[in-house]
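Chain by chain, the residues run as shown.
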Amino acid sequence: MKRREFLRSSCGAILAFPGLSTATGLRWLMPDRKRQTAKRLVVMFSPNGMVRNGFWPQTEGPDFEMDQVLRPLEPFREKTLVVHGVCNQVRGDGDNHMRGMGCLLTGNELLPGNIQGGSHTPAGWASGISIDQEISRYLQSTDHNQTRFGSLEFGILVPDKADPWTRMSFLGPNQPVAPISDPYRMFEKMYGTLKDKENLLSLLGDLKQDFGQFQSSAIPEDQAMLQRHQKFLQSMEKELTSSSNVNYPVAPLELPANVANVNDNMPDLSKMQIDLLVNGFQNDLNRVATLQYTNSVGQARMKFIGVDEGHHALSHHPDKNEKTQEKLRRINTWYCEQLAYLCKKLQAIPEPGSNGTMLDHTLVVWTNELGHGNSHSLNDLPFVMVGGGFGFEMGRFTKVKRVSTTRVWLAIAQAMGHELGQFGLAELCKDGAIKL
Amino acid sequence: MKIRLKKSGFLPGPPVIRVGLFITIWLTCHSLCFAQEATNQSIPDAAKIYQAQCASCHGKNGEGKTEFFEDPLIGDLSLSELTQYIVETMPEEDPDSCIGEEAKAVAQFIYDKYYSSDAQLRNTKARIELSHLTVRQFRQSVAGIFDSFERELYPPEENGLAANYFGARNWTDNKRLAEQTDPNIDYGDGVPFFDPDGNYPQLANTKKKKAVNQMNVGFSAYWNGSLIPSETGMHEIIVESKNGFRLKINDTENDLIDRRVRSDEVVEHKATIFLMAGHPHPFALEMFSYPKPPAKIRVLWKPPGRPLSVIPETAFIPETRPEVIAPATSFPPDDSSYGFARGIGVSRSWDDATTSAAIEVANRVSERIWRLCKTKPTDPNAHQKVKDFCRKFVSRAFVTQLSADEIQFFVDQHFEKEISIQDQVKRVVILTLKSPRFLYPSAQKRDRQHQIAHGLAMTLWDSVPDRRLFSFVEKNKLTQPKILENELWRMVDHPNSREKLNSFFRFWLHASHEEAVKDSQSFPDFDAYIQADMQESLFLFLENIVWKQDGDYRQLFLSEDLFVNPRLAKFLRLKPSAKGFEKVTVDPGKRAGVLTHPYLMTELAYHKDTSPIHRGVFVAKNLLGRRLRQPPEDVEPLTEEFDPKMTTRQRVEHQTKDTTCMNCHKVINPLGFSLENFDAVGRYRESEKDKEIDVTSIYRTPQGEQVSLKGPRDLAEFLVNNETSQKSFIKHLFSHYTKHPIEAFGTEKLDLLHSRFRQNGFNIKSLLVDIAKVSTEIPIDKY
């Protein structure tokens, strides 16, 4: 390289990094960065397989049936793509529930480990990164898609234990990512320090009053010290009032108070988490999110829709048991309603700085660790996508022939702008991304 | 190469002074002493001489003058020494011009009016100044408030952890292999009771059906109890194991390390956690071995400033205590310019730290609100219970009965707001911990019951009263003499008090963990582990004297006991001891308690040679209570190269032989020389450079008495029988405990405490009881 060229290129590099905030990767702090057509991904998970009757449409193409379970999505028919034939073809250690969970988003085997389910070989964590984290990693590495968190992992009633049945997101081999099930904790993560400041700011009047009273009753010899102290109280006030207006496009969400993180509050918890998820998107804290309802073998008891039994127990009943089939349909309909609520919220928000709505710039994927509950099949996973599609042909039902999840994840990554050639196990990606 | 000697004693100045040599000048003077007509035989008017000639530099009342001689005219030379000093050196320009009767008269005048200890006491205008909580007091008080909701703590009777072993993955009673107390978790060679083939004959009788159940194959164990660190700060915790495990420390809900699922080969697992010295933090470790990996596990730690080691048995107790809630927020250090840490400095960084700490505690409380209030969200009375908890919280933080207005202001108004209960609680906690009523506890107005409880807890524990004490206050019973006396002794024996005494010893004996670097050629086996062992040994010694024996102050210097573990024994070339620390008597007739303890001898030495000056200054200031001025400048000590044949003592004598040096060094040197039998790492030696060590010296007391010393035991005997030393100990202890100089409580208090100390056989615990009484204005003799 000639000296002049070198100078030019290094100057260019300097120009590209004008300030510390850019150089340290805090680009999201810069208010005026270009928001080039944001692309977002939400992976929604519900457990224990799907009922066949009442979920799968009969007719391929745009005129597909939206039967009992899918009916809540009717308003988004044009933006919905239902795919039949997606299969988790990863084998190896662990039972189907474990592999169904740990391999679903990673497309990689579970590592040999010390956890045994049923009578299968024991296993541990997944041996690779999951697609949500992979896409987030990619977005964080690009100039215009960096956000504060990259991805946020929302849970609803995910049990407070880390095992292969409760984790689907992985940062890499042996690195499970824990979803946050308590909306208040998620709020803390998203806006915590801000909330602390707000609390303090709203207490300033009381603090000053208390200090004033104390000071007025102190003896003269002690006044000098208290006066010095009082000055710091004033400077704290100054600082708080000047820095409290952090520029978020929308206000941090006001969560309803005192909702305990317990089974019976599932509908409230679900709504709070979805509201937070959308609020995070609006403030561009992240571009990727997961929304995990309970866990593989999850035992949600949906008394609020008249189902008293645990979900996993019900999923073991044979298909001919019409009573339990109906209950399973109700359970999955409720999950679909949550998906529809999320879509409705995204649909109502105009995409900032671009055309269309936020839903048009988001792809929501709803799937499951099993295809079918009582057979524990890893084939024909329920696979529903809603959103702008990023080039996918939306508004239809399609059947594909035994396609590995990895090929679908490749397609989604590429649609998001991440030109991945392979994801998960190599032999499961031989045919490349599936065309949808 | 120099080492740093921490500041101690009562002189103001920077906290760390670089010490080369203490070349100290007692008095300097720029003006002429009044030179009377030499022939005049009448008695000179000393006051006139002083005002006319000395005051311009030393101030009208001996207070000193900034532009000339800053320090006040105080000291502890005897009258004859002072006279001699004036005769020889004053005025500096012409020492011969103030001699004879004039010098004598002016010396007498200065001595009586300003200089002597009586004069100093008379001139002191000490008062109990307003001060805020020190860093230690802030943390202890916060922890204390929450602790006051729990059953009170007593000194542990047993160390170790409760251990349970099972011949299965799960913990069914019929699979239990053993239930016992383990000293600690140090099973790098295999966990007890584990059998790689899963053959547990002891379980043969259990039902066969269960045995085939896959869930019952394997092995598991759990340990629980509490962890009591001896340092405050961030501790690194390391678990070494390939097995599945989960570790909880000071958080009964969340794991510090969760490795239940294992699909890797990583052995070392680290986490960092803030722990408070002397407080028991709940500890629980569960381990799973499935199906057949080796079962090995070790739990290690790296306390602040200490090397990595397996957590010792002494740091565990089998009883599981509630969580310790205290802020990890780092604070700026307290003002220690008066020789003890106290809260007289208000700075922006201090105020910010109190804010951060308040928020930290508020968040931690709000996360645990249901458990702390012993209720749950579904309890119909939950809201009321949380409110009641908050009222108690505020009243205990301020150690006072709240008025109706105060209840409304600090608690109830926040519960009227339409915000989550967590946010309501946060507001209460932040407002309380930021309140001057909490931060300046001495200025809070209280009834006598609360005043006593507050005074005793603050003095003895640096904290708020505990549950038992509050219950006496609530029943109006603390003023009953019998109950009060009982409580005082219980409080002195309390773990908080023991920890506070340790903090005093750390300060008084320079025993905080500053790394000592030693010459690797001369001392190849000295390292951070040896230094940590020495520190542990010192504190075991102190603990033994104060808490296990009869608490006799004199034994701190006279005892010949030394605590060693195998590593330290080997280093000191002693007979190896059994596993762990044990008490041995070594070098009979040669060692003298803390005076010759390897930790101090190592700290008070250079990297290769001893430092009689460091040792002498330490003994003079901290133990004998002498006043030493700072040396006028740093002086590099003479090194071995100066004359390779000279011993350390000879070099020091050579370098300090000037008259100006000797004014101080005649105090310092003899004390330091008497410890020359202990080398730079605290080993006993009889010779240096093939010459026999000479420990004989003569020490001059402030009263002008000459004391002949032949080694450390003579020095120890002198120390323990010397009234000034005894009083110096009382003063140090008093100011450390109360954060005020003893004079602030009345000029007669030192003599009173001293005579009681003597009557009580120099019992340190009795002295602490008396100090607590003085600071709380409880008549010493009446109760």
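Every value quoted in this text rests on a predicted model; they were computed, and no experiment measured them. (Residues numbered from 1 in each chain as written. Chains lettered and ligands numbered in written order. Predicted model: local features only at pLDDT ≥ 70, side-chain atom pairs only at ≥ 80, totals over all residues.)

1. Some points on the overall build of chain B
Regarding its fold elements, chain B presents 27 helices and 20 strands. Here the contacts in chain B between residues at least 6 apart in sequence split such that 72% fall between residues at least 24 apart. (Helix = DSSP H or I, 4+ residues; strand = E, 2+ residues; numbered from the N terminus. Contact = placed C-beta atoms within 7 Å.)

2. Side note on the overall build of chain A
A count of helical and extended segments in chain A gives 10 helices and 7 strands. The proportion of buried residues among the 436 residues of chain A is 47%. Considering only contacts in chain A between residues 6 or more positions apart, those separated by 24 or more positions represent 68%. (Buried ≥ 20, exposed ≤ 12 C-beta atoms within 10 Å, placed from the backbone.)

3. Here's the deal with the interface of chain B and chain A
Of the residues lining the interface, 32 residues belong to chain B; the matching set on chain A comes to 36 residues. Listed by contribution, the elements that provide at least two residues to the side of chain B that touches chain A are helix H7 (348-367), helix H11 (421-434) and helix H12 (436-439) of chain B. The element best represented in the side of chain B that touches chain A is H11 of chain B, accounting for 8 residues. Class assignment of the residues belonging to the side of chain B that touches chain A gives a composition of 14 nonpolar, 7 polar and 11 charged. (Nonpolar A, V, L, I, M, F, W, Y, C, P; charged D, E, K, R; others polar.)

4. Quick word on the pairing of strand S3 (residues 150-156) of chain A
Residues and elements named next belong to chain A. Counting buried residues in S3 gives 7 out of 7 residues, a clear majority hidden from the surface. The pairing of S3 with strand S4 (residues 286-293) spans 7 bridges and is classified as parallel. Along S4, the bridge assignment pairs Gly150 with Asn286. (Pairing = 2+ DSSP bridges.)

5. Considerations on the sheet that holds strand S7 (residues 396-404) of chain A
Residue and element names in this part refer to chain A. An order of S3-S4-S1-S5-S6-S2-S7 is seen for the 7 strands of this open sheet, with the pairing classed as mixed. Lying at the two open borders of the sheet, with one neighbouring strand each, are S3 and S7. Adjacent strand axes in the sheet meet at a mean angle of 20 degrees, parallel and antiparallel pairs treated alike. One ladder, built from 4 bridges, connects strand S2 (residues 80-87) with strand S6 (residues 383-387); its direction is antiparallel. Bridging across to S6, Val83 finds its partner in Phe383. Contacts from helix H10 (residues 405-415) reach S2, strand S5 (362-367) and S7 within the one sheet, and its direction differs from that of S7 by about 125 degrees. (Axes fitted to C-alpha atoms, helices over the stretch in contact; angles between N-to-C directions.)

6. Section: the nonpolar core
Residue and element names in this part refer to chain B. Among the nonpolar cores identified, the biggest contains 132 residues, and Val428, Val429, Ile430 and Ala453 are the most heavily contacted of them. Counting residues per element, this core draws most heavily on helix H17 (residues 528-548), which supplies 8 residues. With near-sequence residues (within four places) excluded, Ala453 lies in contact with Val399, Pro465, Leu469, Phe470, Val473 and Leu478. (Core = buried A, V, L, I, M, F, W, Y, C linked by C-beta atoms within 7 Å.)

7. Points about the packing of helix H2 (residues 79-89) of chain B against helix H3 (residues 100-115) of chain B
All names here are of chain B. Contact pair H2 / H3: the axes reach a minimum separation of 9 Å and the direction vectors enclose 130 degrees. By the angle between their axes, H2 is oblique relative to H3. Here the hand of the crossing between H2 and H3 comes out right-handed. Counted together, Leu79, Leu82, Thr83, Ile86 and Val87 of H2 and Ala103, Lys104, Val106, Ala107, Gln108, Tyr111 and Tyr115 of H3 form the full contact between these two elements. In terms of residue class, the contact of H2 with H3 is built from 9 nonpolar, 2 polar and 1 charged. (Parallel < 35°, antiparallel > 145°, perpendicular 65-115°, else oblique. Left-handed = near helix turned anticlockwise from the far one by under 90°.)

8. Some thoughts on the pairing of strand S19 (residues 696-700) of chain B
On a regular strand, each side chain points to the face opposite its neighbour's, so the side chains alternate between the two faces of the sheet. All names here are of chain B. Because side chains alternate across S19, one face comprises the buried residues Ser697 and Tyr699, and the other comprises Thr696, Ile698 and Arg700, none of which is buried. Pairing between S19 and strand S20 (residues 706-710): 5 bridges, direction antiparallel. Looking across to S20, one finds that Ile698 is bridged to Ser708. Where S19 folds back onto S20 in an antiparallel hairpin, the turn is made up of 5 residues, including Gly704, whose phi is positive at roughly 90 degrees.

9. A look at the confidence of the model for chain B
Low-pLDDT stretches of the model should not have their predicted coordinates read in fine detail. Residues and elements named next belong to chain B. Overall, the predicted model of chain B reaches an average pLDDT of 86, with 90% of residues at or above 70. The low-confidence segment residues 1-41, where pLDDT is below 50, has 110 contacts with residues more than four positions distant or belonging to other chains. Across the predicted assembly, pTM comes out at 0.80 and ipTM at 0.81. (pLDDT = per-residue confidence, 0-100.)

10. Let's talk about helix H27 (residues 764-775) of chain B
Residue and element names in this part refer to chain B. With 12 residues, H27 extends 16 Å between its outermost C-alpha atoms, agreeing within 8% with the 16 Å of an ideal straight helix rising 1.5 Å per residue. By the criterion of burial, H27 is predominantly enclosed, with 10 of the 12 residues buried. Along H27, the residues classified as buried are Ile764, Leu767, Leu768, Val769, Asp770, Ile771, Ala772, Lys773, Val774 and Ser775. Where the residues of H27 are buried, they touch helix H13 (448-461), helix H15 (481-493), H17, helix H25 (723-738) and helix H26 (749-759). Glu777 lies just past H27 and shows a positive phi near 60 degrees. (Expected span 1.5 Å × (residues − 1).)

11. Some words on unusual backbone geometry
Residues other than glycine seldom take positive phi values, yet Asn174 of chain A does so here, at roughly 65 degrees. The topology assignment puts Asn174 of chain A in the loop between S3 and helix H5 (183-216). Phi is positive for Phe193 of chain B, close to 75 degrees, though the residue is something other than glycine. Mapped onto the elements of the fold, Phe193 of chain B is located in the loop between strand S5 (186-187) and helix H6 (208-212). For Phe193 of chain B, a count of 18 C-beta atoms within 10 Å puts it in the partly exposed group.

12. Some details on the environment of Phe729 of chain B
Residue and element names in this part refer to chain B. Secondary-structure assignment places Phe729 in helix H25. Classification of Phe729 by C-beta neighbours within 10 Å gives buried; the count is 24. Between the C-alpha atom of Phe729 and that of Ile273, which follows or precedes it by 456 residues, the distance is 36 Å.

13. Digging into the environment of Glu134 of chain A
Residue and element names in this part refer to chain A. Looking at where Glu134 falls in the secondary structure, it is placed in helix H4 (residues 131-140). With 25 C-beta atoms counted inside 10 Å, the residue Glu134 sits in the buried group. Taking the C-alpha atoms as reference, Glu134 lies 31 Å from Arg52; in sequence the two are 82 residues apart. When sequence neighbours within four positions are dropped, the list of residues in contact with Glu134 reads Ile129, Ala413 and Phe423.

14. Notes on the packing of H4 of chain A against H10 of chain A
All names here are of chain A. Where H4 meets H10, the axes come as close as 11 Å, and the angle between the chain directions of the two elements is 20 degrees. On the basis of the axis angle, H4 is roughly parallel to H10. The handedness of the crossing between H4 and H10 comes out as right-handed. Contacts between H4 and H10 pair Ile131, Glu134 and Ile135 from the former with Trp409, Ile412 and Ala413 from the latter. Looking at the contact of H4 with H10 residue by residue, the class counts come to 5 nonpolar, no polar and 1 charged.

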